Amino acid sequence: MLPLTVGFDLDMTLVDSRPGIAATYRALTERTGVPVDAEAAVSRLGPPLRTEIARWFPAGQVEEAVRVFRELYPAYAITPTVPMPGARAALDAVRERGGRVLVVTSKIARLARLHLDHLGLVVDELAGDLFAEEKATALRAHGATHYVGDHVADMVAAGAAEVPGIAVASGPCSADELRAAGAAAVLADLTGFPAALDGVIRLALRQ
């Protein structure tokens, strides 16, 4: 059997960062004077920050808005963020089976690390600023055997890395959308992950 190395997405997979990110967008509006619908923005978490910022700011202002958002982020986004249901048990389940935990996220690594450290979520490797097929590079580099995420782009990443994608329907994408994107298994949230790992999903490790 291959050594178990499970990759996880961050936002809406391991952590519910919506309240903190919404607060950061409101602070961005206050700082820049550009109105951003924070609740709409956090309903679409998954793609890179620039994708959302570009909905609200003129093209020539996007990079500066991204810079300001990231400057504001530690003060507004970290404390309100909580673990998703089952997140701690999911990481424990990997380690109890002798596996390693990898986080691969579209969030830049510096800010992702603040979330993990604040919540005491211990991971072996962290790769940030990657989306969709880009995530496959990190998954391959760290020998991932599975990738867990809440977005159809996470299932694209798993497919590009040629590992099973385990979907959690806890983010913006429905279970049907996640299946259509190639998910090998779809869970309501991470509370079902340990049992799935012991069942169908772990079979993928056999050569």
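No experiment lies behind these values; they were computed from the predicted model shown.

Cut-off values and rules
- Residues numbered from 1 in each chain as written.
- Predicted model: local features only at pLDDT ≥ 70, side-chain atom pairs only at ≥ 80, totals over all residues.
- Heavy atoms only, no water.
- Pairing = 2+ DSSP bridges.
- Helix = DSSP H or I, 4+ residues; strand = E, 2+ residues; numbered from the N terminus.
- Axes fitted to C-alpha atoms, helices over the stretch in contact; angles between N-to-C directions.
- Contact = heavy atoms within 4.5 Å.
- Phe/Tyr/Trp six-rings, centres within 6.5 Å; stacked < 30°, edge-to-face > 60°.
- Buried < 20%, exposed > 50% of the residue type's maximum accessible area, 1.4 Å probe, protein only.

Engineer: Can you break down the sheet that holds strand β1 (residues 5-8) residue by residue, with the values?
Structural biologist: Taken in spatial order, the six strands of this open sheet run β5-β4-β1-β6-β7-β8, and their pairing is parallel. At either end of the open sheet lies a strand with only one pairing partner, and these are β5 (125-127) and β8 (185-187). The average angle at which neighbouring strand axes cross in this sheet is 20°, direction not considered. Across three bridges, strand β4 (residues 100-104) lies against β5 in parallel orientation. Within the sheet, the bridge partner assigned to Leu102 lies in β5 and is Glu125. In this fold helix α7 (residues 133-141) packs onto β1, β4, β5 and β6 (146-149), with an angle of close to 155° to the strand it touches most, β4.

Engineer: Describe the packing of aromatic side chains, with residues and values.
Structural biologist: In the structure shown here, the tally under the stated rule is three aromatic pairs. Ring centres 4.7 Å apart and planes at 50° place the aromatic pair Tyr25 and Phe69 in the tilted group. Of this pair, Tyr25 sits in helix α1 (residues 18-32) while Phe69 sits in helix α4 (residues 62-76), placing them 44 residues apart in sequence. A residue is classified by how much of its surface remains accessible, and Phe69, at 3% relative accessible area, is buried. Ring-pair connections join several aromatic residues into one group, and the members of that group are Tyr25, Phe69 and Tyr73.

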